[in-house]
Amino acid sequence: MVALKGKFKKQIFIRIILILVLIILISVFYISNLNNETFGNSNNPIIKLTISIPNTNDLSGIIYDPLNHYIYIDYPGMISIINDRTNKIIQNISLGKLHGNIQVPLNMAYDFLNNTIYINTLFYKIIIINCSTNKIESEFNNIGFSSMAYDKNNNILYISFSNNSIAVINGSSNTVMKWIYIGISGPMVYDPNNDDLYVANSWISFQNLSQNSHVDVINCKNYSVIKSIEVGIAPIAMEYDTSNGDIYVVNTYSGNISVIDSYNNMISESINISEKNNNGTGPVAISYDSLNGYIFVLNSYPSTLTLINANNNSIAGKIILSENNASTGMVFDPSNGFLYVISSNDTQSFIFIISFGNMFNNTFSLFLEIAIPVAVIIIAILVVIKKIKK
């Protein structure tokens, strides 16, 4: 009897091993074939998918929600939501009308603390979307905001407004702790290593296209400006690299990137991206790839992507996305390793989903997605066979 039990346990163990081997073989076979056409690298990136957005040629902003793995894209009167697991539009949110006019989004900002998105519209109305329900939570009239930055260490939210002020908001109580008054502020980023807030003053350059602008450094312990750093003409976007501590400032009209060393708050170098221009066709957006250590810089028209190696701040390559489209924004999704770029032409809009070869993360994710269903199916078949034998 004991021998039979031991033999039975041995048979079960062998079956389990065979099931695991079968699952691995099926998954590896599928993924190895898929990798050839899905994953690229810095020298050979692949546009994995192109999503067409109907009835508009004016995509203006894109935001990533890391809690729900959703991509939010805004355009006149609407917000479209993409599930990054399926890369399909799962919902559209109407922004409604104001005084008979369609609400036109100017910019968006994601509030990690409350899992909400703030949308600034043309008619000085701020719309707040709850990302848990994907419904409009509230809306109110305001002077309009420029950008937001979040200090995760101290649970503080910074919102810059178009009246030369920055609100310092307590994340626990959602109350304004302090107002900081500086020049008209543009994009800003928070550096958790030195507890400084970097705020670009873009207004000077947009008024005078031959004059460089500056980035104000605010000490977040006493909320005072401790330094003003001269950058290029019309800084339109900023990004903080968590690996090297550098802050990258996109100067759209001078066509270059100013790199700020946050350890001494000085310009360490300037990276030329495109020719100087006065018609808004230069670099317009920047994103950090935390998986591979790249900085992506998006040029508006023609639509090109410049890859910067953050280890030495050298240009690793350039990619032509479209010679006929004008691109306006992008966001990197660290959960799947893809870069989402919004682009439009005279008649329609697109979202380019680009892969740069985050092989381990993508392969492991795909393995789980394939292996689990396969395992369930095989186990179900074995159970049915066992019942039939009985």
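Every value quoted in this text rests on a predicted model; they were computed, and no experiment measured them.

The rules behind each value
In this convention, every chain numbers its residues from 1, walking through the sequence in written order. Only residues with pLDDT of at least 70 are given local features in this predicted model, and only at 80 or more are side-chain atom pairs given and counted; all residues enter the totals for whole chains, interfaces and linings. Side-chain numbers come from the whole structure's heavy atoms, not from hydrogens or water. In DSSP terms, a helix is any run of H or I states spanning at least four residues, a strand is any run of E spanning at least two, and both are numbered starting from the N terminus. Burial classes follow relative accessibility: with a 1.4 Å probe on protein chains only, a residue under 20% of its type's maximum area counts as buried, one over 50% as exposed, and anything between as partly exposed. Using a 1.4 Å probe, the Shrake-Rupley method yields the accessible areas, and only the shown protein chains count as cover for residues. When DSSP finds two or more bridges between a pair of strands, those strands are recorded as paired. For helices, the fitted axis covers only the stretch in contact; all axes are lines through C-alpha atoms, and the angles between them, taken along N-to-C directions, range from 0 to 180 degrees. Here a polar contact is recorded for every N or O atom pair within 3.5 Å, except that within protein the pair must consist of a potential hydrogen donor and a potential acceptor, and residues adjacent in sequence are included only if both atoms are side-chain atoms. The contact criterion used throughout is that any non-hydrogen atoms of two residues lie within 4.5 Å. Here, a salt bridge means any side-chain nitrogen of Lys or Arg that lies within 4 Å of a carboxyl oxygen of Asp or Glu. Every residue gets a pLDDT, meaning the predictor's confidence in that residue, from 0 to 100.

Visitor: Mind showing me how you'd approach the overall build of the protein chain here?
Guide: Broken down by element type, the protein chain carries three helices and 30 strands. Residues counted as buried form 51% of the 390 residues belonging to the protein chain. Total accessible area computed for the protein chain in this model is approximately 18800 Å², and 56% of it derives from carbon and sulfur atoms.

Visitor: I would appreciate a short explanation of the pairing of strand E8 (residues 105–111) in the present structure.
Guide: The side chains of a regular strand alternate, residue by residue, between the two faces of the sheet. Here E8 lies mainly inside the structure; six of its seven residues are buried. With six bridges connecting them, E8 and strand E9 (residues 116–121) associate as antiparallel partners. Its bridge partner lying in E9, Asp 111 is registered against Thr 116. Taken together, E8 and the strand that follows it, E9, pair antiparallel across an intervening segment of four residues, in which Asn 115 is found at a positive phi of about 55 degrees.

Visitor: Help me understand the sheet that holds E9 in this model?
Guide: Here we have four strands laid out as an open sheet, ordered E8-E9-E10-E11, and antiparallel in their pairing. Every interior strand has two partners, whereas the edge strands, E8 and strand E11 (135–141), have only one. The sheet shows a mean angle of 20 degrees between the axes of neighbouring strands, direction not considered.

Visitor: Please clarify how the side chain of Asn 83 should be interpreted in this entry.
Guide: With respect to the helices, strands and loops of the structure, Asn 83 is situated in strand E4 (residues 78–83). Polar contacts involving the side chain of Asn 83 include one to the main-chain amide nitrogen of Arg 85, which spans 2.8 Å. Look past the residues within four positions of Asn 83 in its chain and what remains in contact with it is His 69, Tyr 70, Lys 88 and Ile 90.

Visitor: Please clarify how the pattern of salt bridges should be interpreted in this entry.
Guide: One side chain can pair with another of opposite charge once the charged atoms of both are near each other. Counted according to the given criterion, the structure contains one salt bridge. The partner of Asp 195 in a salt bridge is Lys 221, and the shortest N-O contact between them spans 3.6 Å. Here the residue Asp 195 occupies a position in the loop between strand E16 (188–191) and strand E17 (196–201), and Lys 221 occupies one in the loop between strand E18 (214–219) and strand E19 (224–230), the gap between them amounting to 26 residues.

Visitor: Looking at this structure, I do not really get the sheet that holds strand E23 (residues 266–272). What am I missing?
Guide: Each strand in a sheet pairs with its neighbour through backbone hydrogen bonds, running either in the same direction (parallel) or in the opposite one (antiparallel). A sheet is described by the order of its strands in space; here four strands give the open sequence E20-E21-E22-E23, paired in antiparallel fashion. Pairing within the sheet leaves two strands with one partner each, and these edge strands are strand E20 (235–240) and E23. When the angles between neighbouring strand axes are averaged without regard to direction, this sheet yields 20 degrees. As paired elements, E20 and strand E21 (residues 246–251) share five bridges and run antiparallel to each other. Looking across to E21, one finds that Met 238 is bridged to Val 249.

Visitor: Looking at this structure, I do not really get the side chain of Asp 111. What am I missing?
Guide: For Asp 111, the position within the fold is in strand E8. Asp 111 sits in the buried class, given a relative accessible area of 0%.

Visitor: What's the story with the pairing of E21 in this structure? I'm lost.
Guide: With respect to burial, E21 is a largely interior element, six of its six residues being buried. What you see with E21 is no split at all: Asp 246, Tyr 248 and Val 250 on one side and Ile 247, Val 249 and Asn 251 on the other are buried throughout. Counting the residues that bridge the hairpin from E20 to E21 gives five residues, and of these Gly 245 lies at a positive phi of roughly 75 degrees. Sheet topology note: the E21/strand E22 (residues 256–261) ladder contains six bridges and is antiparallel. Considered in E22, the bridge of Val 250 is made with Ile 257. A loop of four residues connects E21 with E22, the two strands running antiparallel in sequence, and Gly 255 in this loop sits at a positive phi of about 70 degrees.

Visitor: Hey, could you run me through the confidence of the model for the protein chain in this one?
Guide: Predicted coordinates in areas of low pLDDT are best not read in detail. When pLDDT is averaged along the protein chain, the result is 78; 73% of the residues meet or exceed 70. Here residues 31–42 is modelled with pLDDT under 50, and outside its nearest four sequence neighbours on either side it reaches 29 contacts, counting other chains as well. Scored below 50 in pLDDT, residues 358–364 makes 16 contacts in the model with residues more than four places away or belonging to other chains.

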